[in-house]
Amino acid sequence: MKLLSIISIVLNLLGSFCFGRGLFISEEQALDLGVSKWGGTREQNLKLPAVKDRLTQRKWGIAGVCFVLCGAVVSVLILFL
């Protein structure tokens, strides 16, 4: 029971970290994202910093959701055990 509580807390912490990770960027990254660039093809546009940043945020968001959901499931299991 105690182990499940610890696992639940760790999963929720990992999920929160994943959600918050995209909020912390350097000044260089902020400048790079704020600069307007003209892209051509889809492949060129996927290489743009703003697009790559959004794709990275998406990956971390999905990971965060998975961790928080797993933590919530473990928490519910604790209640019923």
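This structure is a prediction, so every number in the text was calculated from the model and none was measured. (Residues numbered from 1 in each chain as written. Predicted model: local features only at pLDDT ≥ 70, side-chain atom pairs only at ≥ 80, totals over all residues. Heavy atoms only, no water.)

### Focus: the confidence of the model for the protein chain
The test is simple: The pLDDT score gives, residue by residue, the confidence of the prediction method on a 0 to 100 scale. Secondary structure is summarised from DSSP: a helix means a run of H or I of at least four residues, a strand means a run of E of at least two, and numbering begins at the N terminus for each.
Scored by pLDDT, the protein chain comes out at a mean of 82, with 94% of its residues at no less than 70. At the low end of the mean pLDDT range in the protein chain sits helix H2 (residues 27–34), at 72; at the high end sits helix H4 (residues 49–80), at 87.

### Quick look at H4
Here is the rule: One less than the number of residues in a helix, times 1.5 Å, gives the span that helix is expected to have. The rule is simple: take the accessible area with a 1.4 Å probe, protein chains only, and divide by the maximum for that residue type; under 20% is buried, over 50% is exposed, in between is partly exposed.
Here H4 contains 32 residues, and its C-alpha end-to-end distance of 47 Å stays within 8% of the 46 Å for a straight helix at 1.5 Å per residue. Burial in H4 covers these residues: Pro49, Asp53, Gly61, Gly64, Gly71, Val74 and Ile78.

### Concerning a nonpolar patch on the surface
So the rule is basically this: Candidates for patches are residues over 30% relative accessible area with no salt bridge; among them, like charges are joined within 9 Å and nonpolar side chains (Val, Leu, Ile, Met, Phe, Trp, Tyr) within 5 Å. Each accessible area value is a Shrake-Rupley result obtained with a 1.4 Å probe; residue values ignore everything except the protein chains displayed when judging cover. For salt bridges, the criterion is a side-chain nitrogen of Lys or Arg within 4 Å of an Asp or Glu carboxyl oxygen.
Taken together, the side chains of Met1, Val73, Leu77 and Leu81 define a hydrophobic patch exposed on the protein surface, amounting to about 430 Å² of accessible area. Turning to its location among the elements, Leu77 is positioned in helix H4.

### Considerations on the packing of aromatic side chains
Note the cut-off: Classification of ring pairs uses Phe, Tyr and Trp, with its six-membered ring standing for Trp, and accepts pairs whose centres are within 6.5 Å; under 30 degrees between planes counts as stacked, over 60 as edge-to-face, and the remaining range as tilted.
Scanning all chains against the criterion turns up 1 aromatic pair. On the numbers, 6.0 Å between centres and 90° between planes, the contact of Phe17 with Trp60 is edge-to-face. Of this pair, Phe17 sits in helix H1 (residues 2–21) while Trp60 sits in helix H4; the two residues are 43 residues apart in sequence, bridging distant segments of the chain.

### Thoughts on the pattern of salt bridges
Enumeration over the complete set of coordinates arrives at 1 salt bridge. A salt bridge links Asp53 to Arg54; the nearest nitrogen and oxygen atoms lie 2.3 Å apart. Overall, Asp53 belongs to the buried group, its relative accessible area being 17%. Assessed through its relative accessible area of 48%, Arg54 is described here as partly exposed.

### What about the layout of surface pockets?
If a probe the size of a water molecule is rolled over the atoms, the empty space left behind becomes visible. Defined as follows: With a 1 Å grid laid over protein atoms only, a set of points is called a cavity when a 1.4 Å probe fits there but cannot get out and a pocket when it is open yet has protein on both sides within 12 Å along at least five of seven lines; lining residues have an atom within 4 Å of a point. Grid points are joined across faces, edges and corners, and a volume is the space filled by probe spheres set on the points. All residues other than Ala, Val, Leu, Ile, Met, Phe, Trp, Tyr, Cys, Pro, Asp, Glu, Lys and Arg, Gly among them, are scored as polar; the first ten of these are nonpolar and the last four charged.
Each pocket or cavity is described by its volume, and for the largest pocket that value is around 230 Å³. Considering the residues around the largest pocket, the lining is formed by 13 residues, among which Ile25, Gln29, Leu33, Asp53 and Thr56 are closest to the centre. Secondary structure elements with two or more residues in the lining of the largest pocket: H2 and H4. When residues in the lining of the largest pocket are grouped by element, the largest group, 6 residues, is from H4. Taken together, the residues of the lining of the largest pocket break down into 5 nonpolar, 4 polar and 4 charged.

### So, the side chain of Ser8
Inclusion rule: Each polar contact in these results corresponds to two N or O atoms within 3.5 Å; when the atoms are within protein, one needs to be able to donate a hydrogen and the other to accept it, and residues that are neighboring in sequence are counted only if both atoms are side-chain atoms. Should any heavy atoms of two residues lie within 4.5 Å, those residues are counted as being in contact.
Inspection of the secondary structure assignment puts Ser8 in helix H1. Looking at Ser8, its side chain comes within polar contact range of the main-chain oxygen of Gly71, at 3.2 Å. Other than its neighbours up to four places away in sequence, Ser8 contacts Gly71, Val74, Ser75 and Ile78.

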